[in-house]
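Listed below are the residues making up each chain.
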Amino acid sequence: MRDPELSLAGWMLIGQARTLRERAFARAVSSLNHDSISFSHTPDSFQIHPMDASPDGLLYACSANTWARDALAMLPITRPARSSLSDPELVPMLQDLADILADEASLAFSASYYPGVPDVDVPDEHVSVVMRALQREMDREGKSRQRVPARYEDLPRDRQRALAERRRWWFGRYSITPERWLTGKWVLWDVTDQPMPELQSQTKGVLV
């Protein structure tokens, strides 16, 4: 079944995508013709001359077009929250990131071993901020699905820290650092070329 946030062109491309960057690119495409492409975050259309219609070929063609290249270097991180009680939501182009983060949150409760990321620095106060934000979303999801939500405050502090560190590390894979978050923009060209990880939970990530 096609994700309703994914265009027909994006759906065709994401089936061929090999890396997180290619998948994010596929999710950004709103329409694709023989020699033009458009993206969901801008009304502009860009003339390109791809050697082939693969995600890699289209990315290369977009990088050769100054305006398309710049458009893919100024992608929004969030969209308006659904209500005044909600946190800002990640844009649909970041659905893979949302799914990865949901998987991490699930593993924090279920994995027998859940280490942090030594090279990622997360201040103690930010760990608490992250847990509160996750709890707000979990509480809303629990009400909508009529189930008792998990309590992040019940996680051991080392697991809370590990979850906060792993979230920040994955945001970094998408070029979204704390500094870049403040700008509201992320850069497709800086997204990692690693493959989409195999998710261990079946939870669909909420875009927050």
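Data block above holds the structure.
Everything quoted here is computed from the prediction, not taken from an experiment. (Residues numbered from 1 in each chain as written. Predicted model: local features only at pLDDT ≥ 70, side-chain atom pairs only at ≥ 80, totals over all residues. Heavy atoms only, no water.)

**Points about a nonpolar patch on the surface**
Moving on, step 1. A surface patch of nonpolar side chains, about 340 Å² in accessible area, is lined by Leu-8, Trp-11 and Met-12.
Moving on, step 2. The topology assignment puts Met-12 in helix H1 (residues 8-14). (Patch = residues over 30% accessible without salt bridge, like charges linked within 9 Å, V, L, I, M, F, W, Y side chains within 5 Å. Areas by Shrake-Rupley, 256 points an atom, 1.4 Å probe, with all protein chains shown as cover. Salt bridge = Lys/Arg side-chain N within 4 Å of Asp/Glu carboxyl O. Helix = DSSP H or I, 4+ residues; strand = E, 2+ residues; numbered from the N terminus.)

**Notes on the packing of helix H5 (residues 95-110) against helix H7 (residues 157-173)**
Moving on, step 1. In contact at an axis separation of 10 Å, H5 and H7 are set at 165° when each is read in the N-to-C sense. By the criterion of interaxial angle, the relationship of H5 to H7 is roughly antiparallel. For the element pair H5 and H7, the recorded crossing hand is right-handed. Of H7, the residues touching H5 (which contributes Leu-97, Ile-100, Leu-101, Glu-104, Ala-105, Leu-107, Ala-108 and Phe-109) are Arg-159, Leu-163, Arg-166, Arg-167, Trp-170 and Phe-171. (Axes fitted to C-alpha atoms, helices over the stretch in contact; angles between N-to-C directions. Parallel < 35°, antiparallel > 145°, perpendicular 65-115°, else oblique. Left-handed = near helix turned anticlockwise from the far one by under 90°. Contact = heavy atoms within 4.5 Å.)

**Looking at the environment of Arg-173**
Moving on, step 1. Relative to the helices and strands, Arg-173 is located in helix H7.
Moving on, step 2. Distance in space between the C-alpha atoms of Arg-173 and Gln-194 is 8.8 Å, their sequence separation being 21 residues.
Moving on, step 3. Apart from residues lying up to four places away in sequence, Arg-173 is in contact with Asp-190, Val-191, Thr-192 and Gln-194.

**Quick word on the sheet that holds strand E2 (residues 36-39)**
Moving on, step 1. Strands sit in the order E1-E2-E3 across an open sheet of three strands; the sheet is antiparallel. The two strands at the open ends of the sheet, each matched to only one other strand, are strand E1 (29-32) and strand E3 (45-47). Sheet twist, expressed as the mean angle between neighbouring strand axes with direction ignored, is 25°.
Moving on, step 2. In this structure, E2 lies alongside E3, joined through three bridges in antiparallel fashion. Opposite Ile-37, over in E3, you have Phe-46 as the bridge partner.
Moving on, step 3. Across the sheet, helix H2 (residues 20-28) is in contact with E1 and E2; its angle to E1 comes to roughly 70°. (Pairing = 2+ DSSP bridges.)

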